[in-house]
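Okay, here's what each chain looks like letter by letter:
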Amino acid sequence: MKKHKISVRKLKLSEINEISIAVFICQTKKEPELKRYVTDIGGVVLSSMRGKGLSRGAMAVAWGAYDEFNVVLVMCQEEIARNIVQDVSIKFQFNKPGNGKGFLLDTEGYMGAKAAFIE
């Protein structure tokens, strides 16, 4: 299987209209790969933390047969936000139970948020 290299060019402030926050809940063991992938396709990782209080079946907890989950917050351009969530969901198979979830939050009016895209 041939791998494609993803290249992302640096953006100008005038090219960024609005910012969205993508939230990904993924297995802890997949978190480093997810962060690398999201960064490669144009997102900026804001935070990554262990998910606490995520629902688990009582039997799974008793037997220790559950995976730990992390919550990853990613800032991205609104223009590509849906594509990022869709790409991550496909790559990490979020359609299968127990693999994770991804969704978007609107971020209306965050001053200076565009600066994270400029190096």
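Note: the structure precedes this text.
These numbers were taken from a predicted model, which means no experiment stands behind them.

Chemist: Where do I start with the overall build of the chain in this structure?
Modeler: Helix and strand counts for the chain stand at three helices and four strands. Reading the chain from its N terminus to its C terminus gives the helix and strand order β-α-β-α-β-α-β. Counting all 119 residues of the chain, 32% fall into the buried class. Residue pairs in contact within the chain that sit at least 24 positions apart in sequence constitute 80% of those at least 6 positions apart. Total accessible area on the chain stands at roughly 8,300 Å², and carbon and sulfur atoms take up 54% of it.

Chemist: Is there a simple way to think about the sheet that holds strand β2 (residues 44–50) in this case?
Modeler: Pairing between sheet strands relies on hydrogen bonds along the backbone, with the strands arranged either parallel or antiparallel. Spatially, β2-β3-β1-β4 is the arrangement adopted by the four strands of the open sheet, whose pairing is antiparallel. What marks the edges here is a single partner per strand, and that holds for β2 and β4 (100–106). Neighbour-to-neighbour, the strand axes of the sheet open up by a mean angle of 20°, direction not taken into account. Pairing of strand β1 (residues 19–27) with strand β3 (residues 69–77), which is carried by nine bridges, proceeds in the antiparallel orientation. Bridge pairing in β3 places V23 opposite L73.

Calculation notes
- Residues numbered from 1 in each chain as written.
- Predicted model: local features only at pLDDT ≥ 70, side-chain atom pairs only at ≥ 80, totals over all residues.
- Heavy atoms only, no water.
- Helix = DSSP H or I, 4+ residues; strand = E, 2+ residues; numbered from the N terminus.
- Buried < 20%, exposed > 50% of the residue type's maximum accessible area, 1.4 Å probe, protein only.
- Contact = heavy atoms within 4.5 Å.
- Areas by Shrake-Rupley, 256 points an atom, 1.4 Å probe, with all protein chains shown as cover.
- Pairing = 2+ DSSP bridges.
- Axes fitted to C-alpha atoms, helices over the stretch in contact; angles between N-to-C directions.

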